[in-house]
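# Commentary on secondary and tertiary structure
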Amino acid sequence: MSRYTAPGEPGCVVRFAGRYDHFIGGEYVSPAEGRYFADTSPVTGEAFAEVADGTVEDVSLAWEQAHGAAARWSKTAVAERAVILTEIADRIEDNLEALAVAESWETGKPVRETLGADLPLAADHFRYFAGAIRAKECTRSLVDGSVVVHGVRKPLGVVSRSISWDFPMLNAAWVLAPALATGNTVVLKPAMQTPVSLHVLLGVIADLVPPGVINVVNGYAGEPPGGRGPAVFFGDVTGRGDGFAGRALDGFATGTSLALVQHGRYEQFLEAALGRVEALVPGHPLDPATTVGALVSADELGKVLWYIDNAVSSGAVVRCGGGRLDLGGPLTGGYFVAPTMIEGDKNRVPPGWPVISAGRFNDFDDAVKLVNDLPAGSGVSVWSRDTGVGFRAAQAIHADRVWVNNDHTFPAEAVYGHEDRHGLLPQYWRERRLLVNYGP
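Residues numbered from 1 in each chain as written. Predicted model: local features only at pLDDT ≥ 70, side-chain atom pairs only at ≥ 80, totals over all residues. Heavy atoms only, no water.

## As for the sheet that holds strand S16 (residues 340-343)
Keep this limit in mind: Strand pairing is assigned whenever DSSP identifies at least 2 bridges connecting the two strands. Under the scheme used here, helices are H or I runs from DSSP no shorter than 4 residues and strands are E runs no shorter than 2 residues, and both carry numbers assigned from the N terminus. Angles shown run from 0 to 180 degrees and are taken between the N-to-C directions of axes, each axis being a line fitted to C-alpha atoms and, for helices, limited to the stretch in contact. Whether two residues are in contact is decided by their heavy atoms, any of which lying within 4.5 Å being enough.
The mixed open sheet is built from seven strands, whose spatial order is S13-S16-S17-S12-S11-S18-S19. Here the strands that pair on one side only, and so sit at the sheet edges, are strand S13 (317-320) and strand S19 (402-404). The mean inter-strand angle of the sheet, taken between neighbouring strand axes irrespective of direction, is 25°. Alignment of S13 against S16, held across three bridges, turns out to be antiparallel. Residue Cys320 lies in a different strand from S16, and its bridge partner there is Met341. Of the strands in this sheet, strand S11 (231-233), strand S12 (258-262), S13, S16 and strand S17 (355-361) are in contact with helix H8 (residues 266-278), which crosses S13 at around 60°.

Set out below in structure tokens:
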């Protein structure tokens, strides 16, 4: 498949507006203080849109509109809300290419990821919660012959969330799908690095809900991304010979920023993994052949380059990559870094993809201790041919999410974000109990 045409060029599948105000009460509203900031594409390093810079006044107006809409939206029948969520999923799928290209242009992620994973997952979350809310029965119990306890669920009203820049549209879906399903209205604050992606999504779905149900205020730092958590490769993962080894090597090459490999197989596995890293394809994010795109911002580029220099000055060894890439032409100003693997970094917490820090561990207990002493990021992946070892490691590791023999899958069933042991929907409603005496 050929490369997608860049936004703004003839034949592109998506076009950006020159300016994006706040989306409040079903319409675009200028910022209270009249300030705007430039949204820059990491692909070229050039600004492509102006975005309203939010203040407390803008947020207050969004809350006011969301609160006014909440009374009506909460009374919308559950079945009708479920139909609307399904229609949102349909719209995302109908506009998949345009949404994927928009997000790749703003985040620098390869379009193969946004088109093949991020946007389909976003659509699936709306479908999942459309079904989940229909299946969630209210409780009732008989206390005695005439008194019945009815469990009633009421939405919170207005839900406000900041959105991180790593998955702008999928992050929005993680909030919107359960919040809308339970009858809440929403105020979203996209990250300053990636605000336009959410507005492109709004252009596709906003007419499906009443005014004020979805509101977007720009100009905030956004939720920091969790980052790619550590990956643990036990000694029975040799890196040779079968599909399991291939999946493990793919997990090393694209699923982690910190790889811990058991001592006995370290050299053998690392050589195979190094081959996978060197085979990654940096390039234009809108080319489906590209496997490594651009970093999201100049700040992130600076962090990654600083990390590499600091690791080397502290005694670490760069096995491949290690610097900024100039891809030439219109991509010369883009925020590209060569896929990089570092050994012997004492800090062991790289800032993110496409840098992988590789280290050793001795045994099971050593692996668990090393992982539990580190920030987990979005979770931890564990690789072993012995599923018993994988299961024990998943039990011992403190991360909220552990993948065993797979990496960074986010199905809607796994309820990602703001979750507890009861699942996600209860985070968006209040439980009430009505005791009714039906006797004389």
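On we go from here.
## Things to note about the packing of helix H3 (residues 96-107) against helix H4 (residues 111-135)
Helix packing for two helices is described by the angle between their axes and how far apart those axes are. Inclusion rule: Roughly parallel means an angle under 35 degrees; roughly antiparallel, over 145; roughly perpendicular, 65 to 115; everything else is oblique. In this scheme the crossing of two helices becomes right-handed for a clockwise turn of the near helix relative to the far one and left-handed for an anticlockwise turn of less than a right angle.
It is at 9 Å that the axes of H3 and H4 come closest, and there the two elements cross at 120°. With respect to H4, the axis of H3 lies oblique. Viewed along their axes, H3 and H4 form a crossing whose handedness is right-handed. Residues Leu96, Glu97, Leu99, Ala100, Val101, Glu103 and Ser104 of H3 pack against Val111, Thr114, Leu115, Asp118, Leu119 and Pro120 of H4.

## A closer look at helix H11 (residues 387-396)
Put simply, the rule is: Only protein chains enter the accessibility calculation, which uses a 1.4 Å probe. A residue is then buried if its area is under 20% of the maximum for its type, exposed if over 50%, and partly exposed in between. The directions considered for the arc run from the helix axis to the C-beta atoms. Within 3.5 Å is the distance limit for a polar contact, defined as a pair of N or O atoms, with the added protein rule that one can donate a hydrogen and the other accept it, and that residues adjacent in sequence qualify only through two side-chain atoms.
If you check which residues of H11 are buried, you get Val389, Gly390 and Ala393. For H11, the angular spread of buried residues about the axis comes to 100°, placing them on one side. Along H11, the residues that are exposed and aim more than 90 degrees away from the buried face are Thr387, Phe391 and Gln395. For H11, the elements touching its buried residues are helix H10 (364-372), strand S18 (380-383) and S19. For H11, the N-terminal capping position is held by Asp386, with its side-chain oxygen 2.8 Å away from the main-chain nitrogen of Gly388.

## A few points about the sheet that holds strand S4 (residues 36-40)
The pairing of strands in a sheet happens through backbone hydrogen bonds and is either parallel or antiparallel. On the basis of which strands lie adjacent, the open sheet formed by three strands has the order S1-S5-S4 and mixed pairing. The sheet is open, and its two edges are formed by strand S1 (19-20) and S4, each paired on a single side. Taken together, the two bridges between S1 and strand S5 (residues 47-52) define a ladder with parallel strand orientation. By the bridge assignment for S5, Arg19 is matched with Glu50.

## Describing unusual backbone geometry
Even without a glycine there, the phi angle at Asn405 is positive, about 60°. Assignment of secondary structure puts Asn405 in the loop between S19 and strand S20 (429-437).

## With respect to the pattern of salt bridges
Threshold: Basic side-chain nitrogens of Lys or Arg form a salt bridge, by our definition, when they fall within 4 Å of a carboxyl oxygen of Asp or Glu.
Tallied over the full model, the rule gives 13 salt bridges. Across the pair Arg35 and Glu33 runs a salt bridge whose closest N-O atoms are separated by 2.4 Å. Taking the relative accessible area as the measure of exposure, Arg35 reaches 39% and is therefore partly exposed. For Glu33, a relative accessible area of 45% puts it in the partly exposed group. One salt-bridge network, in which partners are shared between bridges, spans Glu33, Arg35 and Asp53.

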